[in-house]
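Okay, here's what each chain looks like letter by letter:
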Amino acid sequence: MAVAFLDFERLHQNEFQKQVIDRFTEIVKTNAFVEGKYNAMFEKEFANMQNTKHCLLVANGTDALEISLKVSGVQTGDKVGVPGITFYASAEAIVNVGAIPVLIDVDPLSGLISPSSLKNVLENHRLKAVMPVHIYGLPAPIGEIKHIVKDLDIAIIEDGAQACGTILDSGPCGSSGNLTTFSFYPTKNLAAFGDAGAILTNDDSKVEMIKSIRNHGRGEHPIIGRNSRCDHLQAAVLHAKLETIKNENQKRKEIAKKYHEGLKNFPVHILHDKFIETSSWHLYPVRFNNKDEKQRMQQHLSQKEIGTAPFYDLAMHHFPALMNCEGDKEFAQQFAGTVLCLPMHPHLEDREIAEVIQAIKEFY
Ligand SMILES: *Cc1c(COP(=O)(O)O)cnc(C)c1O
């Protein structure tokens, strides 16, 4: 039987659909189409949940990164460190504010940003900011990065787009004291019915500036802003999902544990057990010895109608617009193209997990 990579039907069950439609009807009647009461409710409750002082909703996760770079003082020509393995938007946001991405290499086992590479890059580059990414939902080594950049006047902006459910040393993603961004794109753990994003911060002084930028520079700050408001409809969906997200993220951890147990004796490389409780398991990546083995596995699973995704086939410096980026690339180069993400969503059933494991066993 087919095993889907994601399953929106099981995620958006009847009761939830009804709740959302009731809220939509309410919004249509009150004509509060942007930044309504659900925006305020979500911002307050999500900040609490992530153990941070402020949450500011914006239009999407990429805007959240761009606005975070701006309020960190990143300007045209400044250099910003970004890992060589991430979703394209992380680097894109840096270029969009006129800054220059400098590539930080990754841990060859996890794909997470490497603190030792950051140290190395800092010998040749003056960075204005660094953007650790909690890739796949794994906790990036924020403590080590903080230690490296302290006294250097380098802002840390955490890309937490995949990290709703991730546990850092300081607590949930957003609790570290750094600016942290989220995306609520429909495939993320906590997801809208379209685009939305957020910036989390403990810094009172940044709040008014973020509010002003997201709404055309309105307020007391005489600055150039943009339109990055979050629709009330999206906030209403997100707020409704806060009831179930903890439970869903817990289920992802249980599913990851089952995959781990089922796959540990095969030649496929799974992540270290230490991540079971700390990753959000936005994705469940497994790594192969080389690209060829990955491709053959992908075909094998596809023939069995098992949905997989090759995140990430390209390292940042493989993209034409980023080809000339400086920095460390060795391990990102090796890592890219060797990973397949297996079906992962909170409603994945035991028989489906068993089927995926059985199919991988057959391959070997
Ligand atoms: C999804 C994602 C983004 C971008 O979010 P959008 O809401 O699509 O703009 C940025 N970084 C990472 C790591 C992501 O996974």
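See above for the structure.
As the structure is a computational prediction, the values presented were derived from the model and not from experiment.

## Some thoughts on unusual backbone geometry
Consideration 1: The residue after F311, namely Y312, is reached through a cis peptide bond having omega 5°.
Consideration 2: You can see Y312 is positioned in the loop between helix 10 (291-303) and helix 11 (330-335).
Consideration 3: Backbone geometry at N31 places phi at a positive 55°, although glycine is not the residue there.
Consideration 4: Examined against the element boundaries, N31 turns out to sit in the loop between helix 2 (14-30) and helix 3 (37-49).
Consideration 5: Assessed through its relative accessible area of 51%, N31 is described here as exposed.
Consideration 6: At Y136, a position not held by glycine, the phi torsion is positive, near 65°.

## Some words on the pairing of strand 3 (residues 100-104)
Consideration 1: Most of strand 3 is tucked away: four of the five residues are buried.
Consideration 2: By the bridge criterion, five bridges tie strand 2 (residues 79-83) to strand 3 in an arrangement that is parallel. Bridge pairing links G81 to V102 in strand 3.
Consideration 3: Note that the unit made of strand 2, helix 5 (residues 88-96) and strand 3 has a crossover that is right-handed.

## Considering the environment of C173
Consideration 1: Position of C173 among the secondary structure elements: in the loop between strand 7 (171-172) and strand 8 (179-183).
Consideration 2: Accessibility expressed as a relative area gives 0% for C173, which makes it buried.
Consideration 3: Taking the C-alpha atoms as reference, C173 lies 8.8 Å from H134; in sequence the two are 39 residues apart.
Consideration 4: Those residues in contact with C173 that lie beyond four places of it in its chain are Q50, H134, E158, G160, A163, T166, L168, T180, F182 and L200.

## Regarding the nonpolar core
Consideration 1: Formed by 59 residues in total, the largest nonpolar core has its most connected members in L118, Y136, Y259, L263, Y284, L342 and I360.
Consideration 2: Counting residues per element, this core draws most heavily on helix 12 (residues 350-363), which supplies five residues.
Consideration 3: Grouped together as the second largest cluster of nonpolar side chains are 29 residues, L69, V97, A155 and C325 included.

## Thoughts on the pairing of strand 8
Consideration 1: For strand 8, a buried count of five out of five residues is recorded, marking the element as mostly surrounded by other parts of the structure.
Consideration 2: Residues L179, T181 and S183 line one face of strand 8 and the alternating positions T180 and F182 line the opposite face, and both faces are buried.
Consideration 3: As paired strands, strand 5 (residues 155-159) and strand 8 are joined by three bridges and run parallel to one another. The partner of E158 across the bridge, within strand 8, is T180.
Consideration 4: Both strand 8 and strand 9 (residues 197-201) contribute to a ladder of four bridges, which runs antiparallel. Among the inter-strand pairings, S183 is bridged to a residue of strand 9, identified as G197.

Reading the values: the criteria
- Residues numbered from 1 in each chain as written.
- Predicted model: local features only at pLDDT ≥ 70, side-chain atom pairs only at ≥ 80, totals over all residues.
- Heavy atoms only, no water.
- Helix = DSSP H or I, 4+ residues; strand = E, 2+ residues; numbered from the N terminus.
- Buried < 20%, exposed > 50% of the residue type's maximum accessible area, 1.4 Å probe, protein only.
- Pairing = 2+ DSSP bridges.
- Right-handed = clockwise from strand over helix to strand, strands pointing away.
- Contact = heavy atoms within 4.5 Å.
- Core = buried A, V, L, I, M, F, W, Y, C linked by side-chain atoms within 4.5 Å.

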